[in-house]
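# Commentary on secondary and tertiary structure
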Amino acid sequence: SSARLPLNPRSERRQGIVRQNYEYKFVRLGEGIIAARKAAKQTYQDAIHQHARDGWRLVQVFAPGVGGYGAAKYYEIILERER
């Protein structure tokens, strides 16, 4: 059997489902010249650790688009935390 999803928030409340509210943060690293992009690759871990100390949780590291020589144009770190 498959689980049924509630149709609206009121039915969720009646069923005792608690929704978590999250806020999201998007941090771009390495946008710009090649040297800046190279530095971003080396420092993205530091950025993730710093945000984790502030209560943020890593959701994804996203590298949209490809620049010259097959390298990502920039990296975007997507973080979340409970409100």
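Quick note: structure is the one above.
Now for a quick tour of the structure. Computed from a prediction, not measured in an experiment: that's the story for all the values here. (Residues numbered from 1 in each chain as written. Predicted model: local features only at pLDDT ≥ 70, side-chain atom pairs only at ≥ 80, totals over all residues. Heavy atoms only, no water.)

## Regarding the overall build of the protein chain
In plain terms, the rule: Only runs of H or I of at least four residues qualify as helices and only runs of E of at least two qualify as strands under DSSP, and these elements are numbered from the N terminus. Whether a residue is buried, partly exposed or exposed follows from its accessible area with a 1.4 Å probe, protein chains only, as a fraction of its type maximum: under 20%, in between, or over 50%, in that order. Residues are treated as being in contact if the distance between any of their heavy atoms lies within 4.5 Å. Where accessible areas are quoted, they stem from the Shrake-Rupley method and a 1.4 Å probe; at the residue level, only the protein chains shown are allowed to cover.
Looking only at helices and strands, one finds two helices and three strands in the protein chain. Burial statistics for the protein chain: of 83 residues in total, 24% are counted as buried. Long-range contacts, defined as pairs at least 24 residues apart, comprise 56% of the intrachain contacts of the protein chain with a sequence gap of at least 6. Surface summary for the protein chain: the accessible area is close to 6,700 Å², and the carbon and sulfur share equals 50%.

## Details of the nonpolar core
Generally speaking, a soluble globular protein has its nonpolar side chains buried in company with each other. This is how the line gets drawn: Within this scheme, the nonpolar core is defined by two criteria: the residues are buried Ala, Val, Leu, Ile, Met, Phe, Trp, Tyr or Cys, and they are joined through side-chain atoms within 4.5 Å.
Judged by nonpolar contacts, Val-27, Leu-29, Ala-47, Ile-48, Trp-56, Ile-77 and Leu-79 together constitute the single largest core of seven residues. Among the secondary structure elements, those contributing two or more residues to this core are strand 1 (22-29), helix 2 (34-53) and strand 3 (75-82).

## Overview of the environment of Gln-45
When you line up the elements, Gln-45 lands in helix 2. For Gln-45, a relative accessible area of 47% corresponds to the partly exposed category. Separated by 32 residues in the primary sequence, Gln-45 and Ile-77 have C-alpha atoms spaced 9.9 Å apart.

## Let's talk about the environment of Leu-29
Structurally, Leu-29 can be placed in strand 1. Residues Leu-29 and Ile-77 lie 48 residues apart in sequence; the distance between their C-alpha atoms is 7.8 Å.

## Examining the sheet that holds strand 2 (residues 57-62)
Worth spelling out the cut-off: In short, DSSP must find at least two bridges between two strands for them to pair. Where helices are involved, their axes are fitted lines through C-alpha atoms of the stretch in contact, as for all axes, and angles between N-to-C directions lie from 0 to 180°.
Taken in spatial order, the three strands line up as 1-3-2 in an open sheet, and their pairing is antiparallel. The two strands at the open ends of the sheet, each matched to only one other strand, are strand 1 and strand 2. Adjacent strand axes in the sheet meet at a mean angle of 20 degrees when their direction is disregarded.

## Quick look at the side chain of His-51
Structurally, the position occupied by His-51 is in helix 2. For His-51, a relative accessible area of 12% translates into the label buried.

## Points about the packing of aromatic side chains
Rules: Any Phe, Tyr or Trp ring, taking Trp's six-membered ring, that has another such ring centre within 6.5 Å forms a pair; planes under 30 degrees apart are called stacked, those over 60 apart edge-to-face, and the others tilted. Two limits define a charge over a ring: the Lys NZ or Arg CZ must be within 6 Å of the ring centre, and within 35 degrees of the ring normal.
Enumeration according to the criterion identifies zero aromatic pairs in this entry. Positioned above the aromatic ring of Tyr-74, the side-chain terminus of Arg-28 is 3.9 Å from the ring centre.

## What about the pattern of salt bridges?
Our working rule: Whenever a carboxyl oxygen of Asp or Glu lies within 4 Å of a side-chain nitrogen of Lys or Arg, that contact is scored as a salt bridge.
For the coordinates displayed, the defined rule picks out three salt bridges. Notably, a salt bridge pairs Arg-28 with Glu-76, separated by 3.8 Å at the nearest N-O pair. Taken together, the residues Arg-28 in strand 1 and Glu-76 in strand 3 connect sequence positions 48 residues apart. Taking the relative accessible area as the measure of exposure, Arg-28 reaches 41% and is therefore partly exposed. For Glu-80, the salt bridge is made with Arg-57, and the minimal N-O distance between the two is 2.4 Å. Taken together, the residues span a long stretch of sequence, with Glu-80 in strand 3 and Arg-57 in strand 2 at a distance of 23 residues. Of the residues examined, Glu-80 reaches a relative accessible area of 9% and is grouped as buried. Assessed through its relative accessible area of 48%, Arg-57 is described here as partly exposed.

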